[in-house]
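# Results of the structural survey
Here is how the chains run, residue by residue.
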Amino acid sequence: RDKLAAAFKHFGLAHQYFFLNAKGNEPTFIVLSLDFSNLYAAVSGEECLGKALGISLDTREAFSSDAISAAQERLKPSDLQEWFNNMNTLSENVESRIMKLLLSLTKLEKDNNNKLKKDSPHSEKYKGMYREVLTHKMKSKAAVDSTNHADQSESPSFFAIHELL
């Protein structure tokens, strides 16, 4: 229990530092956020899953057009392409993490709603968010399919996940 508390403390401090200093450290911040999110998700309960989701959503600025512009200014073209490849992989991981968390939260929400009386107000917050993620994923896939034959040497001006987050 002490080791788990220490892990939360250290991850929290590292997350706070990289959240405030994400520019130039985007991949590190995203990997740290995914690990921190996984740590919270390993502890059961809606509150911890909600915190895990919040931590995953914190990665938004790392995928912003400002982050892309800053990377284009500081990196050589060969390093920039590697950065884009890493960020694309990380965006897929973040999207997958968010989908899994929202699915778990949606199931918990459904179970909680089933325990309530029929005339009591029922929450569908996570169900709505999960639908938004699924819609975004379908739109993103369609956009990728339609631009599959486009020139791949151009750097993207945005990451699709930024809209989702």
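Scroll up a little and you will see the structure.
These remarks concern the structure in this document. (Residues numbered from 1 in each chain as written. Predicted model: local features only at pLDDT ≥ 70, side-chain atom pairs only at ≥ 80, totals over all residues. Heavy atoms only, no water.)

## So, the nonpolar core
Stated formally: Put simply, buried Ala, Val, Leu, Ile, Met, Phe, Trp, Tyr and Cys residues joined by side-chain atoms within 4.5 Å make one nonpolar core. Exposure is judged per residue with a 1.4 Å probe applied to protein chains only, and the accessible area is read against the type maximum: over 50% gives exposed, under 20% gives buried, and values in between give partly exposed. Each helix is a run of H or I in the DSSP string that is no shorter than four residues. Each strand is a run of E no shorter than two, and both are numbered from the N terminus. Contact between two residues is taken to exist if any of their heavy atoms lie within 4.5 Å; hydrogens are not considered.
If you look at the biggest cluster of nonpolar residues, it comprises 35 residues, and the most contacted ones within it are Ile 30, Phe 63, Trp 83 and Phe 159. At the level of secondary structure, the elements contributing two or more residues to this core comprise helix 1 (2–20), helix 2 (26–42), helix 3 (46–57), helix 4 (65–74), helix 5 (77–115) and helix 6 (125–146). If we ignore the near neighbours within four places in the chain, the residues touching Ile 30 are Thr 59, Ala 62, Phe 63, Met 87, Leu 90 and Val 94.

## Describing the environment of Arg 60
Position of Arg 60 among the secondary structure elements: in the loop between helix 3 and helix 4. Taking relative accessible area as the criterion, Arg 60 reaches 31% and is therefore assigned partly exposed. The spatial distance from the C-alpha of Arg 60 to the C-alpha of Phe 159 is 9.9 Å, given a sequence separation of 99 residues.

## A few points about the packing of aromatic side chains
The test is simple: Side-chain rings of Phe, Tyr and Trp (the six-membered ring for Trp) are treated as a pair once their centres are within 6.5 Å; stacked means planes under 30 degrees apart, edge-to-face means over 60, and tilted covers the remaining angles.
Tallied over the entire structure, the rule returns six aromatic pairs. Judged by centre distance (5.6 Å) and plane angle (5°), the rings of Phe 11 and Phe 36 are stacked. Of this pair, Phe 11 sits in helix 1 while Phe 36 is found in helix 2, placing the two residues 25 residues apart along the sequence. When its relative accessible area of 24% is taken as the criterion, Phe 11 is described as partly exposed. With centroids separated by 5.2 Å and ring planes inclined at 75°, the aromatic side chains of Trp 83 and Phe 84 adopt a geometry described as edge-to-face. Three or more aromatic residues joined by ring pairs form one cluster here, namely Phe 8, Phe 11, Phe 36 and Tyr 40.

Take it as geometry only, folks, not as evidence of what the structure does.
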